[in-house]
Amino acid sequence: MRPFSYQRATDPDMAVQALSAAAAANNPLTRATSQPLAGGTTLIDLMKLDVMRPAAIVDINPLAQGWSAIEPGGEHLRLGALAKMSDVATHDDIQRNYPVIANSLKLAASAQLRNMATLGGNVMQRTRCNYFRDVSYENCNKRNPGSGCAAMDGVNRMHAVLGTSDQCIATYPGDFAQALIALDATVEVTGRSGTRSMPFADLHKAPGNTPEIETTLQPGDLISAFVIPGRWPRSVYLKARDRQSYEFALSAAAVALDVQDGTIRDARVALGGVATVPWRAREAEAQLKGQKFDDGLAQRAADAAFAEAKGRQHNSFKIALGKRVVVRALQQAVMMEI
Amino acid sequence: MTAAAPEPKANMGQPVPRYDAVAKVTGRATYGSDMPLDNPAYAFLVTSAIAKGRINSFDLADAKRVRGVIDIVTHENAPDLKESKLFSNGGYAGTTIQPLKSADIAHDGEIIAVVVAESYEAAREAANRVKVSYSAVSPSASFDSPGTTKAGAKGQNGQFKEDPKVGDFAKAFNEAEIQLTASYETPTQHHNPMELFSTSCAWMGDTLVIYEPSQYVYGLKNGVAEQLGIDADKVRVVNPYVGGGFGSRGSMTPRTAIIAGIAKRLNRPIKLVPTRDQGFTIATYRAETRHEIKLGASRDGKLVALRHEGAEVSSRADPYCVGGTKTTTRLYACPNVDSLVSIVRADRNTPGFMRSPPEVPYLFALESAMDELAVKLNMDPIELRRVNDTTNEPIGGKPYTSRSLMACFDEAAKAFGWAQRSAAPKSMSDGDWLIGYGCAATCYPTQMAPAAARVRLQRDGRTRVEIAGHEIGTGAYTILAQTAAERLGVPLEKVAVFIGDSDLPPGPVAGGSNSTASTCSAVMMVCDQVRQRLFKAMMPNESLMDKAKETVGMGQTPSTEAAKSDRPLDLEKAFDALGVGVVEEYGEWKPEGAPPDSFKAMHSGHARLVGGAAMKDKIAYAFGAEFVEVRVNRFTHEIRCPRLVGAFAAGRIMNPRTARSQLMGGLIWGMSSALFEATEIDERTARYVNDNLADYLVPVNADVPGVEVILLSEQDDHINPVGAKGLGELGNVGTNAAICNAIYHATGQRIRKLPVRLENIEV
Ligand SMILES: Cc1cc2nc3c(=O)[nH]c(=O)nc-3n(C[C@H](O)[C@H](O)[C@H](O)COP(=O)(O)OP(=O)(O)OC[C@H]3O[C@@H](n4cnc5c(N)ncnc54)[C@H](O)[C@@H]3O)c2cc1C
Ligand code: SF4
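Nothing here was measured: the structure is a model prediction, and the numbers come from that model.

Draft legend 1. Main features of the overall build of chain A. When its secondary structure is counted, chain A shows 13 helices and twelve strands. When the backbone C-alpha atoms are referred to their principal axes, chain A occupies close to 60 × 50 × 35 Å. Here chain A, with 338 residues, has 56% of them falling under the buried criterion. Long-range contacts, defined as pairs at least 24 residues apart, comprise 64% of the intrachain contacts of chain A with a sequence gap of at least 6. Total accessible area on chain A stands at roughly 13100 Å², and carbon and sulfur atoms take up 47% of it. Both charge centroids of chain A, one from 37 positive and one from 33 negative side chains, sit 3 Å from each other.

Draft legend 2. Looking closely at the overall build of chain B. The helix and strand tally for chain B stands at 19 helices and 28 strands. Taking the principal axes of its C-alpha atoms as reference, chain B extends roughly 80 × 75 × 50 Å. Evaluated residue by residue, chain B yields a buried proportion of 64% over its 763 residues. Excluding contacts between residues fewer than 6 apart, the proportion of contacts in chain B whose partners are at least 24 apart in sequence is 81%. Summed over its atoms, the accessible surface of chain B is roughly 26700 Å², and 50% of this surface lies on carbon and sulfur atoms. Taken as two groups, the 84 positive and 89 negative side-chain charges of chain B have centres that lie 1 Å from each other.

Draft legend 3. Up close: the domain arrangement of chain A. For chain A, the assigned domains are domain 1 (5–62) and domain 2 (235–335). Summarising the inter-unit geometry, the C-alpha centres of domain 1 of chain A and domain 2 of chain A are found 35 Å apart.

Draft legend 4. Up close: the interface of chain B and chain A. Taken together, the contact pairs 33 residues of chain B with 33 residues of chain A. With both sides pooled, the region where chain B packs onto chain A buries about 2900 Å², and carbon together with sulfur makes up 49% of that total. Summed over the three residues of chain B that lose the most area to chain A, namely Phe635(B), Arg684(B) and Val689(B), the buried surface amounts to 18% of that side. Here chain B is connected to chain A by two salt bridges. Arg157(A) is the partner of Glu759(B) in a salt bridge, and the nearest nitrogen-oxygen pair spans 2.5 Å. Run the count over chain B and chain A and you get 17 residue pairs in polar contact (both at pLDDT 80 or more). For the side of chain B that touches chain A, the element with the highest residue contribution is helix H3 (residues 120–128) of chain B, accounting for three residues.

Draft legend 5. Seen up close, the state of the cysteines. Residues and elements named next belong to chain B. A full pass over the atoms with the stated rule returns zero disulfides over all chains. Cysteine 740 provides the cysteine sulfur closest to cysteine 641, a residue in no disulfide bond, and the two sulfurs are 11 Å apart. For cysteine 641, a relative accessible area of 4% corresponds to the buried category. On the basis of relative accessible area, cysteine 740 is assigned to the buried category, the value being 1%.

Draft legend 6. Looking closely at the environment of Thr474(B). With respect to the element layout, Thr474(B) can be found in the loop between strand S20 (463–466) and helix H12 (476–488). A relative accessible area of 27% places Thr474(B) in the partly exposed class.

Draft legend 7. A look at the site of ligand 1. Residue and element names in this part refer to chain A. Near ligand 1 there are 29 residues, and of these Pro36, Gly40, Thr41, Thr42 and Asp175 occur at the shortest range. Between an oxygen atom of ligand 1 and a main-chain N or O atom of proline 36, the distance comes to 2.5 Å. Measuring from an oxygen atom of ligand 1, one finds a backbone N or O atom of glutamate 247 at 3.4 Å. Surface burial for ligand 1 is 96%, taken as the share of its 970 Å² of free accessible area covered by protein chains. When contributions to the shell around ligand 1 are tallied by element, the ones reaching two or more residues are strand S2 (34–37), helix H8 (119–123) and strand S8 (222–229). Class assignment of the residues belonging to the shell around ligand 1 gives a composition of 15 nonpolar, eleven polar and three charged. Here the shell around ligand 1 spans two domains, since at least three of its residues come from each of domain 1 (5–62) and domain 2 (235–335).

Draft legend 8. Structural view of the pairing of strand S11 (residues 263–272) of chain A. All names here are of chain A. Burial analysis of S11 places eight of its ten residues in the buried class, which makes it a mostly covered element. The pairing of strand S10 (residues 251–260) with S11 spans nine bridges and is antiparallel. By the bridge assignment, alanine 254 is partnered in S11 with alanine 270. As consecutive antiparallel partners, S10 and S11 are separated by two residues, and within that stretch aspartate 261 has a phi angle of approximately 50°, a positive value. Linkage of S11 to strand S12 (residues 279–280), two consecutive antiparallel strands, is achieved through a turn of six residues, within which glycine 273 is found at a positive phi near 75°.

Draft legend 9. Expanded view of the site of ligand 2. As a structural note, the neighbourhood of ligand 2 is formed by 15 residues, with Cys129(A), Cys140(A), Cys149(A), Cys168(A) and Ile169(A) the closest of them. The class makeup of the residues in the shell around ligand 2 is ten nonpolar, four polar and one charged.

Draft legend 10. Examining the sheet that holds strand S15 (residues 336–346) of chain B more closely. Residues and elements named next belong to chain B. Taken together, five strands build an open sheet; the order of strands is S7-S15-S14-S13-S8 and the sheet is mixed. Looking at which strands have only one partner, the edges of the open sheet turn out to be strand S7 (149–152) and strand S8 (178–186). In this sheet, neighbouring strand axes are inclined to one another by 15° on average, regardless of whether the strands run parallel or antiparallel. The sheet contact formed by strand S13 (residues 289–297) and strand S14 (residues 303–315) spans nine bridges and is antiparallel.

Draft legend 11. Focus on the domain arrangement of chain B. Residue and element names in this part refer to chain B. When its domains are assigned, chain B resolves into domain 1 (1–30 + 400–446 + 620–763), domain 2 (32–139 + 223–234 + 249–275) and domain 3 (449–608). Each of domain 1 and domain 2 has a C-alpha centre, and the two are 38 Å apart. Contact with domain 1, which involves seven residues of that partner, is made by eight residues of domain 2. Approximately 590 Å² of surface area, both sides summed, lies buried where domain 1 meets domain 2, with 47% of it carried by carbon and sulfur atoms. It is Thr30, Ala686 and Arg687 in domain 1 that bury the most area against domain 2; as a group they hold 70% of the surface buried on that side.

Draft legend 12. Representation of the sheet that holds S12(A) in the model. All names here are of chain A. A sheet is described by the order of its strands in space; here four strands give the open sequence S9-S10-S11-S12, paired in antiparallel fashion. Of all the strands in the sheet, the pair left with one neighbour each is strand S9 (235–240) and S12. Taken strand by strand, helix H6 (residues 99–106) contacts S9 and S10, and its axis lies near 25° from that of S9.

Draft legend 13. Local environment of the side chain of Ser165(A). Residues and elements named next belong to chain A. Looking at the element boundaries, serine 165 is found in the loop between helix H9 (130–133) and helix H10 (176–182). Given the relative accessible area of 15%, serine 165 is considered buried. One polar contact links the side chain of serine 165 to the main-chain carbonyl oxygen of glycine 208, over a distance of 2.7 Å. When residues no more than four places from it in sequence are discounted, the contact partners of serine 165 are Met152, Pro207 and Gly208.

Draft legend 14. Region of the structure containing the packing of helix H18 (residues 656–675) of chain B against helix H19 (residues 735–747) of chain B. Residue and element names in this part refer to chain B. Remark: H18 packs on H19, axes separated minimally by 8 Å, with the N-to-C direction vectors making an angle of 55°. Considered as vectors, H18 and H19 are oriented oblique to each other. Of the two possible hands of crossing, H18 and H19 adopt the one that is right-handed. Side by side, H18 and H19 meet where Gly666, Leu667, Gly670, Met671, Ser673, Ala674 and Leu675 of the first sit next to Thr735, Asn736, Ile739 and Ile743 of the second.

Draft legend 15. A look at unusual backbone geometry. Residues and elements named next belong to chain B. With an omega of -10°, the peptide bond running from leucine 754 to proline 755 counts as cis. Within the secondary structure, proline 755 is located in the segment after H19. Its identity as a non-glycine residue notwithstanding, serine 356 has a phi of 55°, on the positive side. On the secondary structure map, serine 356 appears in the loop between S15 and helix H9 (359–377). Taking relative accessible area as the criterion, serine 356 reaches 0% and is therefore assigned buried.

Calculation rules
- Residues numbered from 1 in each chain as written.
- Chains lettered and ligands numbered in written order.
- Predicted model: local features only at pLDDT ≥ 70, side-chain atom pairs only at ≥ 80, totals over all residues.
- Heavy atoms only, no water.
- Helix = DSSP H or I, 4+ residues; strand = E, 2+ residues; numbered from the N terminus.
- Buried < 20%, exposed > 50% of the residue type's maximum accessible area, 1.4 Å probe, protein only.
- Contact = heavy atoms within 4.5 Å.
- Areas by Shrake-Rupley, 256 points an atom, 1.4 Å probe, with all protein chains shown as cover.
- Lys, Arg positive; Asp, Glu negative; His and termini not counted.
- Charge placed at Lys NZ, Arg CZ, Asp CG, Glu CD.
- Domains from an automatic or database assignment.
- Buried area = accessible area lost by both parts, 1.4 Å probe.
- Salt bridge = Lys/Arg side-chain N within 4 Å of Asp/Glu carboxyl O.
- Polar contact = N/O pair within 3.5 Å; in protein donor to acceptor, adjacent residues only side chain to side chain.
- Disulfide = S-S within 2.5 Å.
- Near = heavy atom within 4 Å.
- Nonpolar A, V, L, I, M, F, W, Y, C, P; charged D, E, K, R; others polar.
- Pairing = 2+ DSSP bridges.
- Axes fitted to C-alpha atoms, helices over the stretch in contact; angles between N-to-C directions.
- Parallel < 35°, antiparallel > 145°, perpendicular 65-115°, else oblique.
- Left-handed = near helix turned anticlockwise from the far one by under 90°.

Encoded structure:
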């Protein structure tokens, strides 16, 4: 960890301004010299590891007053970016009408972390790639652009099979983002030119040739809220992991279905633990829409979801595992009594 | 009585609560780095990013600019330290790879610089700013890497003297009605005790005080003195509490003398708290092992031939090995036995003791193979053990001092509900989950070592017990106090125990599960000396004294009528007769069969453990049986272990509460070892990759919904005065095999490589 300045932002303008001050450096956001601090469970961790070295920290927790509301309206659900994971996970309306959201949060991290961590920080959390998190490894394109990728032919059991590039195969580790992307959420961003909205699906960027660029946010941009249209009582978050709690996904599926008279009218499938970014499996959805559900259909959807998957030495199992997780999540969603 | 404080059965002490429980849960217990120092400087380590090669140069300019930096020590300006030999070759060191001696690097994460600063934060920041230029050489990471060498353990490791054999294995195996050959593998594992590998060193004139978590304060004191070239009496090691050891703190690591040397040079106390990941490379670990087991049996299940070949990884520099064949060749009756242990040298840090070092990997192989044999024979695995149970070990024919293996199997089977098992694989399930039951034997050698103690009794009954034992979380304070209270007939609250300080009378290494047997035997003996002085004052007549002696003794009942009628010692009267206010005695105890140099070695910090299979005309082991329920998800293949049941017999149980905790922790660790723990090594760089507690998986509470520990009553009068067998390392031995056996039962799939992860399941 290195010395840094600390500032509390008491209103959004102040936060945006403090964060924009360093924007001129033209760094990607991940390397910007000033970073917002929410729960700190990712940021402080990475600063201690010397992976992130911001010169300035802008504490946005004072904005919680305006930015932490949980508003399950009629048309859509609005979640403030500073809402705590635990508060959202245990909210009655969300458990009833958006089980996929509630469970993606409930099955994440530990109780202590969920009490501390915010939704905004959660979607911005960074990969758990060991070579990224240990600065004694030279070769990490994400941390050290152009240096190579130690994971490519190293220990890569936890790494991604979808959305990878020959520059980076790091998994996007979060859970909640899969629920958001599946449900067509939009994200509300407060930045230098005011507040704007964009599809959540446009927030993260696949590594391509620039794995150090992880999102489309610019220095000075803050996520202020998430908006989820509709209601999805028939939805599931299934997470396969090495231990029963407090562990990232080896493979996860966020599934939401609208089934009427046995026919799937709308289907949403997103994958976690297997891709470099929150991953919407539209090919799987295309298989499902308009069909009657049976196990064969579930299998075809799962196969479609992983058609493009590429495994490496230790993570190829994620392809077969991912398919079984999708199949089971679909079956569970269909069996839900609503 | 509660589950945590089981009702004592015959030959068990009271389940009194831990002496240190409140201090620990309230954070008042002081560990090494909590010790206040006068104006300390803080050290932070820089460790190598390559496993093999040389340092070309350091660029320290940036680091030195950090405000508060006092000194940066590298091989170019390191304190001059003498070498210490490996503990198994008469030295104190857990590794002979001495960092900061030259520009050469022998393993990943070797200490290459020490930054000393006015604050921890400044030292850390400066360490982050140290730039190193290396010339790296391609290292050999493990078994299959090019460039490793392999040779028999016998002849290179001083403590591995013999590959046990008896009869004619080859002939018997070839002629056996049933034959089984199978290979097994266990991974690299790290102890990860909660307390980090900290060291604080403070000099007062020419006297050095070291605060450090150590499982052997006498070893460390003597070892550091040797490295510094000073008299051992000038070094004192203090650690009233050790935040977990598991073997990692049994032998000296290089860091201590380095920090002591720097503290001397700077004339200032220094506190070092290394990081979690540095703990993976600056201390020891359990190396990966490979095994081939061959079993030959007759159709009724009787073993006729057994061969165990093991291979273990060690460093280039040191021939460390655990050599568990001494146990696996003796566990069951079998007339024809063969074995071989080899060491494979790679570019790694030197491995070392880790909870049940030999038994964990070697019994995993044997007890898995026994289960495979039971399947081949279409026999209940418990019955297979019964058929091969024995009162004498097969290699030398020596009798077990006591052996309750089958009693443990029967008790545990009953508590577990083994009878409800349907034998066929894949025949039990519950919704999405396939269910499997599995079991395995567990055992651990009963070991003892010389120990000295001082006991001071006051007229009012207040008692002070001093012995350089170690509280590594096992309950040492508590049972030592119980021992003295019982022996002297004073209330437990009046006994104060002092351990964890090398200025106290020498105790043994807290390893090999010898502590309870050794320290309690010593304390018992010295308590008797105290009693005898008092008795002598009251009844100078010899024969009366003998009679009085018969009235004391733990778990003993007076054997003569005369003794029975004796009143307990009246302290006031005895002190009056003696005419003093305090009686203090010092004594040195050694176990039967201890080598002649035992007491000398005890003072110079060399552990001389005796027992187990190495006794002259007998063999002493503690036994147990472990049963597990495993659930495997049909869809995700996730493996969960909702139930662990173990029954154990270990001679006298000093305190059923602390014993249960040890065994429960052992079962949980055993499960962890089977399903979670593995240090991942990057084959190309020979570096540990998951060197932190987020990625080195250990179970969380949700993984351990049910653990049941059953303590069997067992009396053994042939081991030590206390009659206790060590049980700290008994619990985690059988679990690996029990889990794999249960996975076989659940899925029909035999997995011979640990840990078992969901990708290994193919249902
Ligand atoms: C041991 C461990 C296990 C975990 N397991 C899981 C798991 O199983 N599943 C899972 O999903 N997560 C898991 N996590 C991750 C955890 O959920 C995230 O660390 C947490 O959600 C981050 O939220 P925070 O508020 O603490 O973010 P911070 O650490 O404060 O911020 C994270 C990043 O986002 C930026 N940021 C924060 N708020 C905003 C905002 N409003 N707008 C723009 N940028 C912002 C910060 O600058 C920083 O770069 C785990 C974490 C740990 C340490
Ligand atoms: S996978 Fe990505 S984050 Fe990991 S080492 Fe490669 S480039 Fe770095």
